[in-house]
Amino acid sequence: MRTWAEIDLAALRRNLGVVRRAIGPGREIMAVVKADAYGHGLANVAGALSGLVSSFGVANPGEARVVAGQAPGDIFLLGPVLPQERDSLASPRLVVAISTLAEAEALNALGFPVRAHLCVDTGMGRMGCLPEEARALGLAVSAMPNLRLEGVCTHFPSADEDAGFTRHQIAGLRGVLEGLPPAAGAVHLSNSAGILEYMEDQPFASLVRPGLMLYGLCPTGAHQGELEPVLSLRSRLTLVRLLPAGHGVSYGGTHVTNRPTLVATVGIGYADGYPRQVSNRGAQVLLQGRRCPVLGRVTMDQIMVDVSDLPVRPEPGDVVTLIGREGGERILASEVADWAGTISWEILTGLTSRVARVCREG
Ligand SMILES: *Cc1c(COP(=O)(O)O)cnc(C)c1O
């Protein structure tokens, strides 16, 4: 293989154990597996978590179908359902989030039972009803013959950076719950950052929705030591050449060698999801357990790295680690994200279908 992602399913299950310890007894877990399980491969991840979580969170009905074939449990659609997608809700395992009365009426008119959670916008601004609208919408949904109101939820936009705002959101949802009938069902607020930092503030939460931390990355870095990255991204050297001092490397000639440089070409590029934005930003890869700098711009299918300082001259075919552990060194997806000026979530979900996913059980 030229470029592949190793998926450590045992690490995934150990990270689930970290979630379980963080939330304490008596609460359930919805594994967030949208976007092909954050690029890790949806079928394999859902299969590995089968029977270990009460539900799965997906982005659309297509992802829901993949999960349904792999694992039991409820499947929660994290985003609004399109009018064109509503027929797929006939599956009794699907659960939708309702934001508006118009949505509720359309779902009720489908003619079959639809399971729903009331989504409350406590500050995310993406979906949900406003807190002051929640009681009326909740009562309306409860009165609709085909809708089953089974939960209430909200989402944190800033749990990894703004404690005051997040606590305000939690208080807002608590206020909403006080106005709703107690039979409103599951109550869920927390993404990974909420789980790691705010469980004590929400004793009324019965369910959590971890994404990133299941895949072994901490949103803030503060708890990284408790988590194990599940995905390693590897490729191979295709060529090793000695370039003289003063030679340009890659498009635009943005890097020029300042000494005779042993340059290795690697069979990965931005078409695999290795972000072009890391170009000339200090990005590194691992070879022989050491960090080697990426030189110049990332191209579509290839990158160049400086291997001059390795103890042993590398050969074409040698394995390169772009994310993951090699020897005593490790590169986290969050480090690649920093080089690229983005977030771990985008690095993981940006890996393309050209990258083979190879599962192991640890
Ligand atoms: C993606 C998503 C999550 C998971 O977020 P992480 O930060 O990856 O844990 C939870 N809830 C909702 C509504 C989401 O869209």
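For clarity, every value in this text was computed on a predicted model and none was experimentally measured. (Residues numbered from 1 in each chain as written. Predicted model: local features only at pLDDT ≥ 70, side-chain atom pairs only at ≥ 80, totals over all residues. Heavy atoms only, no water.)

Draft legend 1. Inspection of the side chain of Ser 232 at higher detail. Locating Ser 232 in the fold gives a position in strand β10 (residues 231-243). The contact partners of Ser 232, leaving out residues within four places of it in the chain, are Trp 4, Ala 5, Glu 6, Ile 323 and Gly 324. (Helix = DSSP H or I, 4+ residues; strand = E, 2+ residues; numbered from the N terminus. Contact = heavy atoms within 4.5 Å.)

Draft legend 2. Structural view of helix α5 (residues 101-108). For α5, every residue scored as buried is listed here: Glu 103, Ala 104, Leu 107 and Asn 108. Along α5, the residues classed as buried sweep out an arc of 130 degrees about the axis, all on the same side. Here the buried face of α5 lies against β5 (94-98), β6 (114-119), α6 (131-143) and β7 (147-153). (Buried < 20%, exposed > 50% of the residue type's maximum accessible area, 1.4 Å probe, protein only. Arc of directions from axis to C-beta.)

Draft legend 3. Broad picture of the site of the ligand. Taken together, 13 residues form the shell around the ligand, and within it Lys 34, Tyr 38, Ser 192, Arg 209 and Leu 212 come nearest. At 3.2 Å, a side-chain N or O of Arg 126 approaches an oxygen atom of the ligand. At 2.8 Å from an oxygen atom of the ligand is found a side-chain nitrogen or oxygen belonging to Trp 345. For the ligand, whose unbound accessible area comes to 390 Å², protein coverage reaches 91%. For the shell around the ligand, the per-class residue count stands at six nonpolar, four polar and three charged. (Near = heavy atom within 4 Å. Polar contact = N/O pair within 3.5 Å; in protein donor to acceptor, adjacent residues only side chain to side chain. Areas by Shrake-Rupley, 256 points an atom, 1.4 Å probe, with all protein chains shown as cover. Nonpolar A, V, L, I, M, F, W, Y, C, P; charged D, E, K, R; others polar.)

Draft legend 4. The pattern of salt bridges, seen in detail. Applying the stated rule across the entire model yields 14 salt bridges. Salt-bridge contacts for Arg 234 lead to Glu 6; the nearest nitrogen and oxygen are separated by 2.9 Å. Of this pair, Arg 234 sits in strand β10 while Glu 6 sits in strand β1 (residues 3-8), and the two are 228 residues apart along the sequence. Here Arg 234 matches Glu 6 in class, with each residue buried. When the shortest N-O distance is used, the salt bridge between Arg 360 and Asp 8 registers 3.8 Å. Here Arg 360 is found in strand β19 (residues 356-360), whereas its partner Asp 8 is found in strand β1, with 352 residues between them in sequence. A relative accessible area of 10% places Asp 8 in the buried class. (Salt bridge = Lys/Arg side-chain N within 4 Å of Asp/Glu carboxyl O.)

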